[in-house]
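Structure at a glance
Residues per chain, in single letters:
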Amino acid sequence: MYEFDDSRLEDPDVLRAADHVLRPLAEAGARVRREAVSAELPLNRLDADGRPRAMITFGPEARLLRAVLEPTCPVPLVAWPRLGLPGWVGPLDIVVVLGGADKVSLAAAFEAVRRGCRLLVACPEDSVLARQSASASTTLLPTSTGDPLAAAIVALVALHRLGLGPLVSPEAVADAMDQVAADSSMALDATQNPAKATALELADAKPLVWGGSILAARASRRVAEALRSASGRIVLSADTGALLPLLAEVPPRDPFADPFEETGAEPRPGLVLVDDGLDDEQAAEERTQLRSAALAKDVLVSNLSHTSGTAVERYVTVLQQGLFAAAYLQIGLGRVRMTS
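Residues numbered from 1 in each chain as written. Predicted model: local features only at pLDDT ≥ 70, side-chain atom pairs only at ≥ 80, totals over all residues. Heavy atoms only, no water.

As a further point, take the overall build of the protein. Of regular secondary structure, the protein possesses 14 helices and nine strands. A compact globule built from 340 residues would reach a C-alpha radius of gyration of about 20 Å, and the protein, at 22 Å, matches this within 12%. On the principal axes, the C-alpha backbone points of the protein span a range of 70 × 45 × 35 Å. Split into buried and exposed, the 340 residues of the protein put 49% on the buried side. (Helix = DSSP H or I, 4+ residues; strand = E, 2+ residues; numbered from the N terminus. Rg over C-alpha atoms; globule rule 2.2 N^0.38 Å. Buried < 20%, exposed > 50% of the residue type's maximum accessible area, 1.4 Å probe, protein only.)

With respect to the secondary-structure elements, N193 resides in the loop between α9 (170-183) and α10 (194-201). For the pair N193 and D183, spaced 10 residues apart in sequence, the C-alpha to C-alpha distance is 5.9 Å. The residues touching N193, leaving out its near neighbours within four places in the chain, are D183, S184, S185, L188 and Y328. Only 3.2 Å separates the side chain of N193 from the backbone oxygen of S184, close enough to count as a polar contact. (Contact = heavy atoms within 4.5 Å. Polar contact = N/O pair within 3.5 Å; in protein donor to acceptor, adjacent residues only side chain to side chain.)

Hydrogen bonds along the backbone pair up the strands of a sheet, which may run parallel or antiparallel. Read across the sheet, five strands follow the order β2-β1-β3-β4-β5 without closing on themselves; strand pairing throughout is parallel. A single partner strand is all that each edge strand has here, and the edge strands are β2 (77-79) and β5 (138-142). Across the sheet, the mean angle separating the axes of adjacent strands is 15° when strand polarity is ignored. Of the strand pairs in this sheet, strand β3 (residues 94-98) and strand β4 (residues 118-123) are connected by five bridges, and their pairing is parallel. (Pairing = 2+ DSSP bridges. Axes fitted to C-alpha atoms, helices over the stretch in contact; angles between N-to-C directions.)

Right, let's talk about the nonpolar core for a bit. Membership of the largest hydrophobic core comes to 81 residues, with the highest contact counts inside it found for M55, L141, L159, Y328 and I331. The element best represented in this core is helix α14 (residues 311-332), accounting for 12 residues. Setting aside anything within four residues of it in sequence, one finds Y328 in contact with F4, L9, L15, L22, S184, S185, M186, N193, A195, K196 and A199. (Core = buried A, V, L, I, M, F, W, Y, C linked by side-chain atoms within 4.5 Å.)

Right, let's get into the side chain of S220. Considering the arrangement of structural elements, one finds S220 in helix α11 (residues 214-231). According to the relative accessible area criterion, S220 is buried, its value standing at 2%. At a separation of 2.6 Å, a polar atom in the side chain of S220 contacts the main-chain carbonyl oxygen of A217. When neighbours within four sequence positions are excluded, S220 is seen to be in contact with V209, W210, G211, S237 and V274.

All right, on to the packing of aromatic side chains then. Two descriptors summarise a pair of aromatic rings, namely the distance from one centre to the other and the angle between the planes of the rings. By the definition in use, this model includes zero aromatic pairs. The ring of W80 is capped by R82, whose NZ or CZ atom sits 5.8 Å from the centre of that ring. The lysine or arginine in question, R335, covers the ring of Y2, its NZ or CZ lying 4.9 Å from the ring centre. (Phe/Tyr/Trp six-rings, centres within 6.5 Å; stacked < 30°, edge-to-face > 60°. Lys NZ or Arg CZ within 6 Å of the ring centre and 35° of its normal.)

Now for the pairing of strand β6 (residues 205-211). Within β6, six of the seven residues are buried, leaving the element largely enclosed by the surrounding structure. Bridge count for β6 against strand β7 (residues 236-237) is two bridges, and the pairing is parallel. Residue V209 lies in a different strand from β7, and its bridge partner there is S237. Assessed by its sense of winding, the connection that carries the chain from β6 through α11 to β7 is right-handed. (Right-handed = clockwise from strand over helix to strand, strands pointing away.)

Right, let's talk about the pattern of salt bridges for a bit. Side chains that differ in charge, positive against negative, can pair when their charged atoms come close. Overall, the coordinates contain 16 salt bridges when judged by the stated rule. Of the charged contacts in the structure, one is a salt bridge between D147 and R31, with a shortest N-O distance of 2.7 Å. Residue D147 is found in the loop between β5 and α8 (148-161), and its partner R31 is found in helix α3 (residues 28-38); the two are separated by 116 residues along the sequence. Of the charged contacts in the structure, one is a salt bridge between D275 and R287, with a shortest N-O distance of 3.7 Å. Of the two residues, D275 sits in strand β8 (residues 268-275) while R287 sits in helix α13 (residues 281-296), which places them 12 residues apart along the sequence. Connected via shared salt-bridge partners are R33, E171, D175 and D178. (Salt bridge = Lys/Arg side-chain N within 4 Å of Asp/Glu carboxyl O.)

With six of its eight residues buried, helix α5 (residues 62-69) lies for the most part within the structure. Of all the positions in α5, only A62, L64, L65, A67, V68 and L69 are classed as buried. Residues of α5 that are buried in the fold lie against β1 (55-58), β2, β3, α8, α11 and α14.

Written as structure tokens, this is what we have:
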């Protein structure tokens with residue numbers, strides 16, 4: 001059983017040894033810039049002439065594309081989870097593939113070429129997928145970092161230029177990621193570092209993560225995955241209908257309990273609310289319900305919040321906040337493989 005030790009979050013030797021956990025998060029913005037530069041030439045060739053009938057997306061961030069595009073996309077779009085393409089897809093449609101050598105990506109590219117679809121692919125230039133998808137109707141966005149989120153940002157830029165999505169600035173997205181990295185620097189203590197503060201709040205908790213808007217809900221799932229991996233605990237990301245009953249069943253905290261005798265006790269939930277400032281009326285009401293239910297049971301509420309900038313900039317900000325918090329939780333629990 002791992003026990004959280006808050007001194008690890010301020011120990012320079014521990015933090016330096018955990019550099020391999022924190023550095024990839026700090027370099028997220030640089031990866032977005034790198035992918036944008038790599039794809040600059042094919043991006044400049046794109047225009048909005050010839051709107052497709054429909055769009056089908058594949059890959060690890062296909063659902064992110066759908067979440068960003070759905071509010072404004074002028075054509076129907078589907079994030080397809082299975083091998084091959086739906087039977088109705090043909091030359092009038094565009095297929096977007098974000099991926100590598102996995103079966104789903106390769107099968108999608110093969111079928112799209114066979115059926116004469118317009119194809120937008122984000123992958124390394126020397127990959128099997130690049131070769132599989134080569135055709136006169138294919139636009140290849142070359143990637144090199146192996147970061148699915150960075151590739152998805154570049155794909156969103158391409159889709160905007162095709163007239164299918166909102167304006168996305170890779171530089172602004174990268175700046176937002178850099179700001180989270182600066183705010184979450186290992187050199188800052190928990191009073192100045194919101195990621196360390198969130199890790200302290202979740203030190204002994206089983207997190208319940210919730211986001212109101214479409215993109216905040218997507219971020220909540222990604223953050224829950226990171227917290228689950230960091231802590232080895234049960235972490236749930238769900239809608240309000242699933243979380244309210246769980247909060248209602250939380251036993252009241254005993255004000256006379258000795259915290260030093262509670263070692264090994266069942267962890268209490270901790271509620272993590274993801275807020276990108278884009279809640280609709282229903283989501284705002286549900287946020288209030290969850291907060292009230294948590295406070296009524298003395299459940300600590302943590303907040304991942306950013307309410308300025310475009311929807312994508314807000315998404316990457318709250319996501320990176322959560323990922324940094326998960327990293328510090330992992331460090332505080334002593335679950336990091338230390339390197340010298």
